Amino acid sequence: MTDDRIVPVAMPKWGLSMRLGKITAWVVGEGDDVKVGDDLADIETEKIAGTLEAPDAGTVRRIIARVGEDVPVSGTIALIAPPEVTEDELDTAVLAARAVIDAGVPEDAAGEAVLETADVGGRKISFAGAGQDGDLVLLIHGYGGDRNSWLFLQEPLAARYRVYALDLPGHGTSAKDVGPGPEDPGSGDAAGSGDAAGSGGTLGVLADAVTGVLDALGAERAHLVGHSMGGAVALTVAVRDPGRIASLTLIAPSGFGPEINAGYLRGFADAQTRRELKPVIGQLFADESLVTRQLVDDLLAYKRLDGVDEALHALTDTLLDGDAQRGDSAALLAATGGAVPVAVIWGRADRIIPAAQAESVTGAVSHLVDGAGHMPHMERPAEVQAAIEETIARST
Amino acid sequence: MARTITYREALNEALAQEMERDESVIVMGEDNAGGAGSPGEDDAWGGVLGVTKGLYHKFPGRVLDTPISESAFIGAAIGAATAGLRPVAELMFVDFMGVCFDQIYNQAAKFRYMFGGKAVTPVVIRTMYGAGLRAAAQHSQCLYPLFTHIPGLKVVLPATPYDAKGLMIQAIRDNDPVMFFEHKALYDLAGPVPEESYALPFGEANVVREGGDVTIVTLGRMVHTSLEAAAQLAADGVQCEVIDLRTTSPLDEDTVLESVEGTGRLVVVDESHPRCSIATDISALVARKAFGALRAPIEMVTAPHTPVPFSNALEDLYIPDAQRVVNATKTVIGWTR
């Protein structure tokens, strides 16, 4: 696009393996004025359905990609331009964009991201990265998630940073053994090797995996972004190895109050069929239409891997004490001594851990996100990206 | 699930992983380990189409080459299962099942019932089925309806590499006799398969394509034929929901009925003969339990009621193809009283 008054709206890359996307519905029409972050179109990939947000403000002058058509990643699907751009100029831009869409995915297009693995204490840990330059950012998913939980964020962040996402033990393609369950000083077997931040329990095993990935990447310093249980894992790492962590972004982190939707955790661990799993997954989102058949199928395929059932139940026991949260993330945060910038991001419509717990995250910049449940990084990725970048920028 | 392997490799991996996990799992069959008179491992064939290749080396003494006597070795496998092993016996072609039918339907299928629930028979009988290999009438049949008819047997027909691995692992872990049907034409089909072990439960159909206009219920190789038809129909604006039954015993009635309740129209695509088949079984199920939802008569797409022809041209006509599925679907969509 040579005319810089014309802003192309590109097919996003959601997930490292995405090559094609399909518009399932246009939310806007030609002539509509949009603000940054407004919903433009519903897009479906092999993996997921999502809504594309406007990259820039202006008037949608042309819609190029038709509903149902396959568009290669980064292909221009619409044009935003001010009124002074003429129809002829727009037509020229449309022709160029149309040619890209019609050409399909180039043969040499990046396919599946290279999956790397590290051996951490005898456990295979998988991770995958994007981006060449800049600070290292490590994304840590929550209970039942995996590195693909970040598919709306990893590529956009990779424009400025080296961004890696890992599969915690018990998840994705990493080893499924998550260790002994909750650290309990009262029980002999789990407490033996404990230091300040829970190395005796399962949370310590998960933190070991994060440290192991940082080691494998040769990272002296990294920014950690942790979601839910991954937030508590990030804090554990920060307490153990304070000099190594440059900033902490905690998305709906666990452990900042007693309240939690224990039924969700147990329901996810116990669900055996699509019928049982689908309503459980729905609780994650403000907009349950994000729960596609593909998402449920992928989660079911994960749950059926040998060892996952045991892992999820061990994690449930680690996270829950009765129906309340067992962990104390506030104590972990205090133990970090306020050395690095901390931000907390919470979806106002979170039905797993109430957003009110954001108030307990002392010393953190707090971002409450409208229109998002427990997965703001999937439901409102642009806002979450901005918050992460702001946190990283505050580090020294 | 980045890794892609074939249906054949997926089955091999399932066998290898279960043999690794559980010492009581053994493999037996004709040419599984080399063939009669062969010097042994150097010329191990891995079965007639190579599914068990390499296992002989990995698991010494646990891959047994059998004589060409199905009545003997299927009987032996069933007996070994009652005595504590978990044999996976390969009965090359389902067409040969006749010579060992007593062992299967009157012994293996009945033990749990005849011995008051005290006997279990965790045997898997792997077998190839289906037309398309120019192998004529005695090596091309489907026959899975025969086994579906018999209580006490579980009947499994994976359509994809992912399902082949997960259903094989479940078959081996299952405590009942399992008839495991592998379509000859699917062995080279590639697809994503996790490296780790996983078991897919029996009795859970897979909705392989969602759509609101018509339900296509199918299984085995015909899943791919039906998907091809559904893609063509989508271009004409007809949205098909394609259901892969995966197992005919147990049968996932709910997924079929719920889909037809939504679409009001049913096409059943089954490679077996039309009489007393999965096509008639599903049609009867829907006619009885979802009659009120039906907006058109049910259509069946099956092979004709003839032996599989040897002539290439006739065999091609014999096997249901996507065009026939498209035609049947259009009949159902266009039906008016």
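Cut-offs used in this document
- Residues numbered from 1 in each chain as written.
- Chains lettered and ligands numbered in written order.
- Predicted model: local features only at pLDDT ≥ 70, side-chain atom pairs only at ≥ 80, totals over all residues.
- Helix = DSSP H or I, 4+ residues; strand = E, 2+ residues; numbered from the N terminus.
- Buried ≥ 20, exposed ≤ 12 C-beta atoms within 10 Å, placed from the backbone.
- Contact = placed C-beta atoms within 7 Å.
- Rg over C-alpha atoms; globule rule 2.2 N^0.38 Å.
- Pairing = 2+ DSSP bridges.
- Axes fitted to C-alpha atoms, helices over the stretch in contact; angles between N-to-C directions.
- Parallel < 35°, antiparallel > 145°, perpendicular 65-115°, else oblique.
- Left-handed = near helix turned anticlockwise from the far one by under 90°.
- Nonpolar A, V, L, I, M, F, W, Y, C, P; charged D, E, K, R; others polar.
- Domains from an automatic or database assignment.
- Expected span 1.5 Å × (residues − 1).
- Core = buried A, V, L, I, M, F, W, Y, C linked by C-beta atoms within 7 Å.

1. Some thoughts on the overall build of chain A
And step 1. Check the secondary structure of chain A and you find 12 helices and 18 strands.
And step 2. Considering only C-alpha atoms, chain A reaches an extent of 75 × 50 × 40 Å along its principal axes.
And step 3. Each of the 396 residues in chain A was classed as buried or not, and the buried ones make up 52%.
And step 4. In chain A, the proportion of contacts linking residues at least 24 apart, taken out of those at least 6 apart, comes to 67%.

2. Remarks on the overall build of chain B
And step 1. A count of helical and extended segments in chain B gives 12 helices and 14 strands.
And step 2. Against the compact-globule benchmark of 20 Å for 337 residues, chain B has a radius of gyration of 20 Å, which places it among compact chains.
And step 3. Its C-alpha atoms give chain B principal-axis dimensions of roughly 65 × 45 × 40 Å.
And step 4. Within the span of chain B, comprising 337 residues, buried residues form 51% of the whole.
And step 5. For chain B, long-range pairs separated by at least 24 residues make up 79% of all intrachain contacts whose partners lie at least 6 apart in sequence.

3. Some thoughts on the sheet that holds strand β7 (residues 70-72) of chain A
Within a sheet, adjacent strands bond to each other through the backbone by hydrogen bonds, running parallel or antiparallel.
All names here are of chain A.
And step 1. Taken in spatial order, the four strands of this open sheet run β5-β4-β2-β7, and their pairing is antiparallel. One side of each edge strand has no neighbouring strand; the edge strands of this open sheet are β5 (49-53) and β7. Taking the axes of each pair of neighbouring strands and ignoring which way they run, one obtains an average angle of 45° across the sheet.
And step 2. When strand β2 (residues 20-26) meets strand β4 (residues 39-44), the two strands line up antiparallel, connected through four bridges. Within β4, the position partnered with Trp 26 by the bridge is Ala 41.

4. Let's talk about the packing of helix α1 (residues 7-21) of chain B against helix α7 (residues 161-173) of chain B
All names here are of chain B.
And step 1. Running from amino to carboxyl end, α1 crosses α7 at an angle of 30°, the nearest separation of the two axes being 8 Å. Taken together, α1 and α7 sit at an angle that is classed as roughly parallel. The handedness of the crossing between α1 and α7 comes out as right-handed. Facing α1, whose interface residues are Tyr 7, Ala 10, Leu 11, Glu 13, Ala 14, Leu 15 and Glu 18, α7 presents Pro 161, Ala 164, Lys 165, Met 168, Ile 169 and Ile 172.
And step 2. When the residues that make up the contact of α1 with α7 are grouped by side-chain class, the tally is 10 nonpolar, no polar and three charged.

5. Quick notes on the environment of His 273 of chain B
Residues and elements named next belong to chain B.
And step 1. Along the polypeptide, His 273 turns up in the loop between β13 (266-270) and α10 (278-289).
And step 2. When the C-alpha positions of His 273 and Leu 143 are compared, they lie 8.4 Å apart, and in sequence the two are 130 residues distant.
And step 3. Setting aside chain neighbours within four positions, we find His 273 in contact with Thr 302, Ala 303 and His 305.

6. Comments concerning the domain arrangement of chain B
Residues and elements named next belong to chain B.
And step 1. For chain B, the assigned domains are domain 1 (4-192) and domain 2 (206-334).
And step 2. Each of domain 1 and domain 2 has a C-alpha centre, and these two points are 27 Å apart.
And step 3. Counting from both sides, the interface comprises 25 residues of domain 1 and, opposite them, 23 residues of domain 2.
And step 4. Listing elements by their share of the side of domain 1 that touches domain 2, those giving two or more residues are α6 (144-148), β6 (154-156), α7 and β7 (178-183).
And step 5. Split into classes, the residues belonging to the side of domain 1 that touches domain 2 amount to 16 nonpolar, six polar and three charged.

7. Quick word on the pairing of strand β6 (residues 58-63) of chain A
Residue and element names in this part refer to chain A.
And step 1. Within β6, five of the six residues are buried, leaving the element largely enclosed by the surrounding structure.
And step 2. Across three bridges, the pairing between β6 and strand β8 (residues 76-80) is antiparallel. Residue Ile 63 lies in a different strand from β8, and its bridge partner there is Ala 78.

8. A look at the packing of helix α3 (residues 70-82) of chain B against helix α4 (residues 101-108) of chain B
All names here are of chain B.
And step 1. Close contact between α3 and α4 brings their axes to 8 Å; oriented N to C, the two are set at 25°. Relative to α4, α3 is oriented roughly parallel. Where α3 abuts α4, its residues Ser 71, Ile 74, Gly 75 and Ile 78 lie against Gln 103, Ile 104, Gln 107 and Ala 108.
And step 2. Grouping the amino acids of the contact of α3 with α4 by side-chain chemistry returns four nonpolar, four polar and no charged.

9. Some words on the pairing of strand β1 (residues 7-10) of chain A
Residue and element names in this part refer to chain A.
And step 1. Because side chains alternate across β1, one face comprises the buried residues Val 7 and Val 9, and the other comprises Pro 8 and Ala 10, equally buried.
And step 2. Here β1 runs beside β8; their pairing, made up of four bridges, is antiparallel. Across the sheet, the residue bridging to Val 9 is Ala 78, located in β8.

10. Describing the interface of chain B and chain A
When the parts come together, some accessible area is lost, and that loss is often what is quoted as the size of the interface.
And step 1. Every contact between the two is made by 11 residues of chain B and, on the other side, seven residues of chain A.
And step 2. Here the residues of the side of chain B that touches chain A sort into six nonpolar, two polar and three charged.

11. Concerning the domain arrangement of chain A
Residue and element names in this part refer to chain A.
And step 1. If you check the domain split of chain A, you get domain 1 (7-103) and domain 2 (115-394).
And step 2. Centre-to-centre, using C-alpha coordinates, domain 1 lies 32 Å away from domain 2.
And step 3. For the side of domain 1 that touches domain 2, the per-class residue count stands at four nonpolar, three polar and three charged.

12. Brief notes about helix α12 (residues 381-394) of chain A
Residue and element names in this part refer to chain A.
And step 1. Under the 1.5 Å per step criterion, the end-to-end length of α12 is 20 Å for 14 residues, consistent within 8% with the ideal 20 Å.
And step 2. Listed as buried for α12 are Pro 381, Glu 383, Val 384, Ala 387, Ile 388, Thr 391 and Ile 392.
And step 3. Buried positions along α12 lie against α2 (154-157), β13 (222-227), β14 (245-251), β17 (342-347), β18 (365-369) and α11 (376-379).

13. Focus on the nonpolar core
And step 1. Grouped together as the largest cluster of nonpolar side chains are 194 residues, with contacts concentrated most on Leu 138, Leu 166 and Val 233 of chain A.
And step 2. Filtering out sequence-adjacent residues up to four positions away, Leu 166 of chain A remains in contact with Ile 125, Ser 126, Phe 127, Leu 138, Ile 140, Arg 147, Ala 209, Val 210 and Val 213 of chain A.

14. Some details on the sheet that holds strand β5 (residues 124-129) of chain B
Residue and element names in this part refer to chain B.
And step 1. Taken together, seven strands build an open sheet; the order of strands is β3-β2-β4-β5-β7-β6-β12 and the sheet is mixed. The two strands at the open ends of the sheet, each matched to only one other strand, are β3 (63-65) and β12 (247-249). Shown here is a sheet whose adjacent strand axes are inclined to one another by a mean of 20°, direction ignored.
And step 2. Pairing geometry for strand β4 (residues 86-93) and β5, over four bridges, is parallel. Bridging from a neighbouring strand, Ala 89 pairs with Ile 125 of β5.
And step 3. Its contacts with the sheet put α7 on β2 (25-29), β4, β5, β6 and β7, and the angle it makes with β7 is roughly 160°.

15. A short note on α7 of chain B
Residues and elements named next belong to chain B.
And step 1. With 13 residues, α7 extends 19 Å between its outermost C-alpha atoms, agreeing within 8% with the 18 Å of an ideal straight helix rising 1.5 Å per residue.
And step 2. Here α7 lies mainly inside the structure; 12 of its 13 residues are buried.
And step 3. Looking at α7, one finds that the buried residues are Pro 161, Tyr 162, Asp 163, Ala 164, Lys 165, Gly 166, Leu 167, Met 168, Ile 169, Gln 170, Ala 171 and Ile 172.

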